[in-house]
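Here's the letter readout for the chains.
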Amino acid sequence: MNIRLLKDLHFGVSMVTLFYFLGIGMLGGTYLLPLYMQEGLGYTAVMAGSVFFLPRRA
């Protein structure tokens, strides 16, 4: 990506906003969801981690 694109105000603000919301989504998906599964649903650490690592069958 050309860094000079960030000089454009609208493009720069949109990229910062997008990064911010995607960052929150990734944090929620990889940190807060297993924490909720362990604390709220009573899963063990292995059970909560297996949700992300074990393949699922359709």
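Residues numbered from 1 in each chain as written. Predicted model: local features only at pLDDT ≥ 70, side-chain atom pairs only at ≥ 80, totals over all residues. Heavy atoms only, no water.

*Asks:* Give a detailed account of the overall build of the protein, specifying residues and quantitative values.
*Replies:* If you tally the helices and strands in the protein, you get 2 helices and 0 strands. Taking 2.2 N^0.38 as the reference for a compact globule, 58 residues should give roughly 10 Å; the C-alpha atoms of the protein span a radius of gyration of 18 Å, well beyond that estimate. By its C-alpha atoms, the protein is 50 × 25 × 15 Å across when sized along the principal axes. For the protein, buried positions account for 7% of its 58 residues. Counting only carbon and sulfur atoms, one obtains 71% of the accessible surface of the protein, whose full area is about 5,300 Å². (Helix = DSSP H or I, 4+ residues; strand = E, 2+ residues; numbered from the N terminus. Rg over C-alpha atoms; globule rule 2.2 N^0.38 Å. Buried < 20%, exposed > 50% of the residue type's maximum accessible area, 1.4 Å probe, protein only. Areas by Shrake-Rupley, 256 points an atom, 1.4 Å probe, with all protein chains shown as cover.)

*Asks:* Give a detailed account of a nonpolar patch on the surface, specifying residues and quantitative values.
*Replies:* Together, M1, I3, L5, L6, M15, L18 and L22 make up a nonpolar patch on the protein surface, roughly 690 Å² of accessible area in all. Note that L22 resides in helix 1 (residues 9-39). We classify L22 as exposed; its relative accessible area is 52%. (Patch = residues over 30% accessible without salt bridge, like charges linked within 9 Å, V, L, I, M, F, W, Y side chains within 5 Å. Salt bridge = Lys/Arg side-chain N within 4 Å of Asp/Glu carboxyl O.)

*Asks:* I'd like to hear about helix 1, residue by residue, with values.
*Replies:* A rise of 1.5 Å per residue sets the reference length of helix 1, with its 31 residues, at 45 Å; its end C-alpha atoms lie 43 Å apart and thus fit the reference within 8%. Along helix 1, the residues that are buried comprise G12, P34 and M37. Where helix 1 is buried, its residues meet helix 2 (45-53). (Expected span 1.5 Å × (residues − 1). Contact = heavy atoms within 4.5 Å.)

*Asks:* Give me the lowdown on the packing of aromatic side chains, citing residues and values where you can.
*Replies:* Applying the stated rule across the entire model yields 1 aromatic pair. Ring geometry for Y20 against F21: centres 5.4 Å apart, planes inclined by 70°, an arrangement best described as edge-to-face. (Phe/Tyr/Trp six-rings, centres within 6.5 Å; stacked < 30°, edge-to-face > 60°.)

*Asks:* Residue-level account of the packing of helix 1 against helix 2, with values.
*Replies:* Direction vectors running N to C along helix 1 and helix 2 enclose 140°, while the axes themselves pass 9 Å from each other. When the axis of helix 1 is compared with that of helix 2, the two are oblique. At the point where helix 1 passes helix 2, the crossing takes the right-handed sense. Within the contact between the two elements, helix 1 uses G29, L33, P34, M37 and Q38 and helix 2 uses A45, A48, V51 and F52. By residue class, the composition of the contact of helix 1 with helix 2 is 7 nonpolar, 2 polar and no charged. (Axes fitted to C-alpha atoms, helices over the stretch in contact; angles between N-to-C directions. Parallel < 35°, antiparallel > 145°, perpendicular 65-115°, else oblique. Left-handed = near helix turned anticlockwise from the far one by under 90°. Nonpolar A, V, L, I, M, F, W, Y, C, P; charged D, E, K, R; others polar.)

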